[in-house]
Amino acid sequence: AEAEMAEEAILGFLQTREEIADSGEFAAAHGLDHSEVVNVIKSLHGFRYVDAQDIKRETWVLTEEGKKYADVGSPEVQLFLAVPPEGISREELQKRLDPSVFKIGSAQAGKNKWVEMGKHISRKVQHVDDKVKDMLTRIKDGQGIDADSIKALKARKLITPQTWKGYSVKRGPNYAPKRKKAATDLTRENLQRGDWRDLEFKEYNFSAKGPPSEGGHVHPLLKVRQQLKNIFLYMGFEEMPTNNYVESSFWNFDALFQPQQHPARDSHDTFFLKAPSTTRELPEDYLERVKRVHELGGYQSRGYGYEWKRDEANKNLLRTHTTAVSTRMLYLLAQKKPFEPKKYFSIDRVFRNEAVDRTHLAEFHQIEGLICDRGLTLGDLIGVLHDFFSRIGMSKLRFKPAYNPYTEPSMEIFSYHEGLGKWVEIGNSGMFRPEMLLPMGLPEDVRVIAWGLSLERPTMILYGIDNIRDLFGHKVDLGLIKKNPICRLGNN
Ligand code: PHE
């Protein structure tokens, strides 16, 4: 309503007058709020109803101290009024006044020759005017005061300069005494009524900025995952279906020739499910061959020589590695005749019962790649690892012999980190054992080379994050998710 009143006043005024010389004076004269008047002028100027010119003025505003004196009077007057006609002792006066009022008041009142300062304080005049208070009040009300007073008040830090901004306003090329509201949309009703003929449409503003997008920030892990997916796809790998977090011990461990007493199968390392606690179905004939290879060996292996228990294999768990999925895929592949070579990859979540710290979470993501073909060698694995890791910007690699129950040989992968100036472990790899592949029914000369790494590690290196909890989990740093830089894997 205030805006409408201001608009009416401005356009009405310009109907008979050449110019509004000063928007501040105009607002005061019409009892309008200046900031509202300014908003209306800007809008009218935008639509060229008026031409507005900036005007600036140095004005004065009261400091906190100045505001206080404008309210309750200057300290010198407060002091004067506290001195009775018969005079007063210094101690008594000091008791009656605020310390700052006494200090400033006595200095000023003394200088004005209003009082005689000493052990005994007495009046030298009968009456005083509070000129300071009057001046401060005038300034507060936007009225002018003389230059000497300004100087004095400024010296006492009771006023401070401020730039006042306003406008002078003249009629513009589109001036009209009343603003026509420009239509923004052509509606069905406009067409039916036919009033579209008389409507004035708002022009398109092609340089208007859209609202900042607040939703839909892609998480750094997902960005890095997408880049890795692209790399695997360029290299001709197919993605494995990893949409089952719950897995049976059989597929997670037994099928991988991981013995049932292995410490990783302990509840200290693995999350077992309470309900449903066991799996419903396993391929029975394959299971028999797995049991036999654990207990007695075969395929030129001696096995582990323990009593393999079905109950242990049935236990449901949250998969501890995506190699459980690789195992299922290889088993499926082995059922297909004739044999078909395959390159598979996956990037998805795994779970381990770990103490959480800066570098460990109980839930993280694994990147896994495997190639299944006749006659592959360790040389092929090393070659593929060089190819894969150089595509993510890690071209200096070293390998260290390692142990996995399901691979032989096994190699830990290290990469030279330029930023850290040292070799860091980035993954694990190996060739799947015959004890794992042959019970599946894969042909004897088929070899599988495979490797795995976490998605979090390269993401943290890439984004310079040193606490994994900022990246993922319930303590995730939302600011980091919203404002993360564009980072790309690779050397460029
Ligand atoms: N499954 C292994 C791990 O969880 C990674 C790996 C995958 C090792 C494939 C060798 C071959 O660390």
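Residues numbered from 1 in each chain as written. Predicted model: local features only at pLDDT ≥ 70, side-chain atom pairs only at ≥ 80, totals over all residues. Heavy atoms only, no water.

S.K.: Mind laying out the site of the ligand, listing which residues take part and the relevant values?
M.R.: Inspection of the region around the ligand gives 13 residues, with His321, Thr323, Arg352, Gln366 and Tyr406 positioned closest. Within the side chain of Thr323, an N or O atom sits 2.8 Å from a nitrogen atom of the ligand. Side-chain polar atom of Gln366 to an oxygen atom of the ligand: 2.8 Å apart, as the coordinates give it. Where the shell around the ligand is concerned, the elements lending two or more residues are β14 (422-432) and β15 (446-454). (Near = heavy atom within 4 Å. Polar contact = N/O pair within 3.5 Å; in protein donor to acceptor, adjacent residues only side chain to side chain. Helix = DSSP H or I, 4+ residues; strand = E, 2+ residues; numbered from the N terminus.)

S.K.: Can you lay out the domain arrangement of the chain for me, pointing to particular residues and giving the numbers?
M.R.: Taken domain by domain, the chain consists of domain 1 (1-57 + 152-206), domain 2 (75-129) and domain 3 (220-482). Distance from the C-alpha centre of domain 1 to the C-alpha centre of domain 2: 53 Å. (Domains from an automatic or database assignment.)

S.K.: Summarise a nonpolar patch on the surface; cite the residues concerned and give the values.
M.R.: Taken together, the side chains of Leu186, Leu191, Trp196 and Phe201 present a nonpolar region at the surface, about 390 Å² in accessible area. By the element assignment, Leu186 lies in the loop between β6 (159-171) and α10 (188-193). (Patch = residues over 30% accessible without salt bridge, like charges linked within 9 Å, V, L, I, M, F, W, Y side chains within 5 Å. Areas by Shrake-Rupley, 256 points an atom, 1.4 Å probe, with all protein chains shown as cover. Salt bridge = Lys/Arg side-chain N within 4 Å of Asp/Glu carboxyl O.)

S.K.: Before we move on, could you go through the sheet that holds strand β5 (residues 120-123) and cite the residues and values that matter?
M.R.: Reading across from one edge, β3-β5-β4 is the order of the three strands in this open sheet, with antiparallel pairing throughout. Two strands in the sheet have a free side with no partner beyond their single neighbour: β3 (88-89) and β4 (115-116). (Pairing = 2+ DSSP bridges.)

S.K.: Describe in detail the packing of aromatic side chains, supporting the description with residues and values.
M.R.: Inspection of every chain in the model, using the stated rule, returns 20 aromatic pairs. With centroids separated by 5.3 Å and ring planes inclined at 80°, the aromatic side chains of Phe250 and Trp251 adopt a geometry described as edge-to-face. Overall, the relative accessible area of 0% leaves Phe250 in the buried class. Taking relative accessible area as the criterion, Trp251 reaches 4% and is therefore assigned buried. Taking 6.2 Å as the distance between ring centres and 50° as the angle between the ring planes, the aromatic pair formed by Tyr406 and Phe432 counts as tilted. Taken as a pair, Tyr406 in the loop between β12 (397-404) and β13 (407-417) and Phe432 in strand β14 lie far apart in primary sequence, 26 residues in all. With a relative accessible area of 12%, Tyr406 lands in the buried category. On the basis of relative accessibility, which here comes to 6%, the residue Phe432 falls in the buried class. (Phe/Tyr/Trp six-rings, centres within 6.5 Å; stacked < 30°, edge-to-face > 60°. Buried < 20%, exposed > 50% of the residue type's maximum accessible area, 1.4 Å probe, protein only.)

S.K.: Would you mind going over the pattern of salt bridges in detail, with residue names and values included?
M.R.: Counted by the stated rule, this structure contains 25 salt bridges. The salt bridge partner of Arg57 is Asp22, with a shortest N-O separation of 2.4 Å. Of this pair, Arg57 sits in strand β2 (residues 50-62) while Asp22 sits in the loop between β1 (19-20) and α2 (23-29); the two residues are 35 residues apart in sequence, bridging distant segments of the chain. We classify Arg57 as partly exposed; its relative accessible area is 35%. Residue Glu340 is joined to Lys336 by a salt bridge in which the shortest nitrogen-to-oxygen separation is 3.6 Å. A relative accessible area of 33% places Glu340 in the partly exposed class. Classification of Lys336 as partly exposed rests on a relative accessible area of 46%. Through salt bridges with shared partners, one network takes in Glu238, Lys336, Glu340 and Lys342.

S.K.: Give a detailed account of helix α5 (residues 75-82), specifying residues and quantitative values.
M.R.: The buried fraction of α5 amounts to six of the eight residues, a majority that puts the element mostly inside the structure. By the burial criterion, the buried members of α5 are Pro75, Glu76, Val77, Leu79, Phe80 and Ala82.

S.K.: I'd like a rundown of the sheet that holds β15, residues and numbers included.
M.R.: Strand order in the open sheet formed by seven strands is β7-β10-β11-β15-β14-β13-β12, with mixed pairing between adjacent strands. Strands with a single pairing partner mark the edges of an open sheet, and in this sheet they are β7 (238-239) and β12. Pairing of strand β10 (residues 342-351) with strand β11 (residues 363-374) involves ten bridges; the strand directions are antiparallel. Paired with Tyr344 across the two strands is Leu370, which belongs to β11. Seen against the sheet, helix α11 (residues 220-234) touches β7, β10, β11 and β15 and runs at an angle of roughly 165° to β10. Sheet strands in contact with helix α15 (residues 323-335) are β10, β11, β14 and β15, and its direction is about 30° off that of β11. (Contact = heavy atoms within 4.5 Å. Axes fitted to C-alpha atoms, helices over the stretch in contact; angles between N-to-C directions.)

S.K.: Residues and numbers for the packing of α5 against helix α7 (residues 99-111), please.
M.R.: α7 packs onto α5 with a crossing angle of 90° between their chain directions and a minimal axis gap of 7 Å. By the angle between their directions, the pair α5 and α7 is classed as roughly perpendicular. Contacts from Pro75, Glu76, Gln78 and Leu79 of α5 reach α7 at Val101, Phe102, Ile104, Gly105, Ser106, Gln108 and Ala109. (Parallel < 35°, antiparallel > 145°, perpendicular 65-115°, else oblique.)

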